[in-house]
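# What the coordinates show
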Amino acid sequence: MPIRKETDLDYPKFAVVGHPNKGKSSIVSSLALDDSVQISDTPGTTTVKRSFPLTVDGKIIYELFDTPGFQRARQVLAWLEQHDVSADKKHEVVNAFIHTFKEDPKFNDEIELLEPIMDGAGIIYVVDASKPYGEEYEAEMEILRWTGQPSMALINHIDEDDYTLEWKRALGHYFKIVRTYNPMEISLAQHISILESMAQLKEEWTALVKLSIGFFEHYHDEMLHRSAAVVANAVYKALSTVETLTFSTQNASDNEKKKLEERYKNSLRSIENQTQKRIEKIWKHEHLEKDKNPLYFEDMDLFSEESASVFGLTRKELLVTGVTSGALTGAGIDLFLAGHTFFIGGAIGAIAGGVGAYFAFNELSEIKVFGKTLGSKYLEIGPMENRNFPYIFLGRMLYHTSKIANRSHAKRGLAVFEMEKGFKERWLDDTLRKELEKYHKIFRSGKALDAKTLASYEDLIYKVLQKLL
Ligand SMILES: Nc1nc2c(ncn2[C@@H]2O[C@H](COP(=O)(O)OP(=O)(O)O)[C@@H](O)[C@H]2O)c(=O)[nH]1
Ligand SMILES: [Mg+2]
C-alpha cells in the first residue's frame, strides 16, 4: 500500500459544481462510493454544500463536495466585473463577494458552491449534453474562471438527445480538460481514468492525486480479496453443512424426511443470503434496496431448475470435469437418473429452448437414519452430494458479486439484476472446472478443513473475480 507521509500536505479536494439538475450529486455519489448523497429530480434539492470523503481505514483518499447549483450566476458575475482588477487579483474579488453577501439569502447557493473552491478545492464543472448549450452557462463558467482554481468539465448525458459537439466547443474555451462521464455506469478503469485527469489539472497536485490513485487501486484490490474470502467460505460452508432431525416413532415418516430436506435447503438459502449481505457491505452497498425476495435473480430460487440451467453444468460438462467418475451412490446416482428422467419425463420446454441443464434437485444428499437401537433416533442430511450444486451456488455468488462491484452508487431504487446469457462462459472453462472440482471434493467429504486448502481456494476465486470485473 502506498504511504502518505505525515509531512505530506493534504489529500485532494474537488468541488462538483454546475447548473441545477445536471447530475452533480450523481457524480459525487459515484466517485465517493457513497449512496447517501441526495439525488433528486427536483432542481434546487441541495441548498448547502456537503462533504463526501472517500475514507479507507480511517484515512481520507480524497474529498468531494456536493454543492447547490448556480441560481443567480449573471448577477454574481455582474458584481465581480464591477471590480476591474488584474488576473492575479481576481480570486480576491471572489473572496470579497463571499464576505459581502455571506448573510444574504439571495446568493446562498453561489456562496455555498464558491466556498470550498476558495478553500482550495479543484473544480469539476458538470453539464448535461442531452440539453442544448446556451449562453446562460457562460456566466457560470466565467465566475469559476474568476476563482483561479484548476478546473475540468465533465459531460453527462441524462437523456437521449445529444449536443456533445456544441458543448465540447464551448467548454474548450474555459476548461483545460473536458471529458464525458456517465455516473450511472462506472468501472474501475473509468474511475481511475477520471482521477488521472484530476492529477493533470495542476502541477503541484499531480503527485498528491497519483498517490490517491495508488490508494484507490489498493483499496479496490482489497475489496476483491475480501469478496473472494467471503465467497470461498460460503462454498465451503454450503457443501459441508449437515442438518439433523430427531424422531420418536418407530420409523421416520416421509413427512419427517421432507421436513429435514426443507430445513437443509433453508440453511443453504440462508448461507447465500448472508453472503450477499457481506458482499454488499464490502462494496459499500449495504443500504441496497432489494426485492422482498432476497434471492433476486428474477425470483430464481437456489434450487429451481431455472437456476440450474443458467448456472449449473451441463451433462457434458459434468462428464468432462470428471465429477461423475468413481463409484457413485445415493444422490450421486440421482445425478444420472435425473438426467434421464428429465428427458423421458419430457421437460420439452427446457430442451426445445436449448437449455443445457439436464438435472434438477431431486436429491441433494442422501438422508441417513441414525440411532435405530437407541432411545433417540435422528435423521441426517449432508454434506452435499449433488455434484452440480457447487457450480450453481458459486456461479450465483460470482454473478451477484460482479453486479454489486460494478454498481454505481448513483443508482437508486430497486436493485434488479437481469440475467445475462452466457455468464457461465465468462468465468468457467474446462481447466478451471477441474481445478475447482478438487476443492469441492474436499469440501463435501465432511472432513475438517485446513486453512491452507481454503486459502488456495480463495486465491482461485480471487483470480476469477479479477477476470470478471
Ligand atoms: N439516466 C440518467 N439519469 C441521470 C444521470 N445523471 C443524473 N441523472 C438523474 O437526473 C436527476 C438529477 O440528478 P442529480 O445528480 O440530483 O443532479 P444535481 O441537481 O445536479 O445534483 C436525478 O433524477 C438523477 O437520477 C445519468 O447519467 N443518466
Ligand atoms: Mg444535487
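Residues numbered from 1 in each chain as written. Chains lettered and ligands numbered in written order. Predicted model: local features only at pLDDT ≥ 70, side-chain atom pairs only at ≥ 80, totals over all residues. Heavy atoms only, no water.

### Section: the overall build of the chain
Helix and strand counts for the chain stand at 17 helices and nine strands. Within the chain, counting contacts between residues at least 6 apart in sequence, those at least 24 apart form 73% of the total. Entry remark: accessible area of the chain is about 22300 Å², with carbon and sulfur atoms responsible for 50%. (Helix = DSSP H or I, 4+ residues; strand = E, 2+ residues; numbered from the N terminus. Contact = heavy atoms within 4.5 Å. Areas by Shrake-Rupley, 256 points an atom, 1.4 Å probe, with all protein chains shown as cover.)

### Some words on the side chain of His440
If you trace the backbone, His440 turns up in helix H16 (residues 430-443). Apart from residues no more than four positions distant in its own chain, His440 is found in contact with Val235, Leu239, Pro390, Tyr391, Leu394 and Tyr457.

### What to know about the site of ligand 1
Around ligand 1, the surrounding shell holds 15 residues, and the nearest of these are Lys24, Ser25, Ser26, Asp41 and Asn156. A distance of 2.6 Å separates an oxygen atom of ligand 1 from a polar side-chain atom of Asp41. At a separation of 2.8 Å, an oxygen atom of ligand 1 approaches a polar side-chain atom of Asn156. Its free accessible area being 580 Å², ligand 1 has 80% of it covered by the protein chains. Its atoms largely coinciding with the cavity grid, ligand 1 occupies the largest pocket. For the shell around ligand 1, the element with the most residues is helix H1 (residues 24-32), which contributes three residues. Of the residues assigned to the shell around ligand 1, the class counts are four nonpolar, eight polar and three charged. (Near = heavy atom within 4 Å. Polar contact = N/O pair within 3.5 Å; in protein donor to acceptor, adjacent residues only side chain to side chain. 1 Å grid on protein atoms, 1.4 Å probe; cavity = no way out; pocket = protein on both sides within 12 Å on 5 of 7 lines; lining within 4 Å. Sits in = over half its atoms within 2 Å of the grid points. Nonpolar A, V, L, I, M, F, W, Y, C, P; charged D, E, K, R; others polar.)

### What to know about the sheet that holds strand E2 (residues 50-56)
Taken in spatial order, the six strands of this open sheet run E2-E3-E1-E4-E5-E6, and their pairing is mixed. Looking at strand neighbours, the two that pair on one side only are E2 and strand E6 (177-180), the edges of this open sheet. Across this sheet, the average inter-strand angle for adjacent strands is 25°, counted without regard to direction. The sheet contact formed by strand E4 (residues 122-128) and strand E5 (residues 151-156) spans six bridges and is parallel. For Val127, the partnering residue across the bridge sits in E5 and is Ile155. (Pairing = 2+ DSSP bridges. Axes fitted to C-alpha atoms, helices over the stretch in contact; angles between N-to-C directions.)

### Observations regarding the pairing of strand E1 (residues 13-18)
A large share of E1 lies buried, amounting to five of its six residues. Where E1 and strand E3 (residues 59-66) come together, four bridges link them in parallel fashion. When the sheet's bridge partners are listed, Lys13 is paired in E3 with Glu63. For E1 and E4, the ladder comprises five bridges, and the chain directions are parallel. Counterpart to Val17 in the pairing with E4 is Tyr125. (Buried < 20%, exposed > 50% of the residue type's maximum accessible area, 1.4 Å probe, protein only.)

### Describing the packing of aromatic side chains
Applying the stated criterion across every chain yields a total of 19 aromatic pairs. For the pair Phe311 and Tyr399, a centre-to-centre distance of 6.0 Å together with 65° between the ring planes defines the contact as edge-to-face. Taken together, the positions of Phe311 in helix H10 (residues 305-311) and Tyr399 in helix H14 (residues 389-405) put the pair 88 residues apart, joining distant regions of the chain. Exposure remark for Phe311: the relative accessible area of 1% places this residue in the buried category. For Tyr399, a relative accessible area of 0% corresponds to the buried category. Clustering of aromatic rings is evident, with ring pairs tying together Trp79, Phe97, Phe101 and Phe107. Cation over ring: Lys90 sits above Trp146, and NZ or CZ is 4.2 Å from the ring centre. (Phe/Tyr/Trp six-rings, centres within 6.5 Å; stacked < 30°, edge-to-face > 60°. Lys NZ or Arg CZ within 6 Å of the ring centre and 35° of its normal.)

### Side note on the packing of H16 against helix H17 (residues 451-468)
Between H16 and H17, the least distance of the axes is 11 Å, while the angle of their chain directions is 145°. The two elements H16 and H17 cross, and the hand of that crossing is left-handed. Taken together, the residues of H17 that come into contact with H16 (itself represented by Leu432, Glu435, Leu436, Tyr439, His440, Ile442 and Phe443) are Thr453, Leu454, Ser456, Tyr457, Leu460, Ile461 and Val464. The residue inventory of the contact of H16 with H17, partitioned by class, reads 10 nonpolar, three polar and one charged. (Left-handed = near helix turned anticlockwise from the far one by under 90°.)

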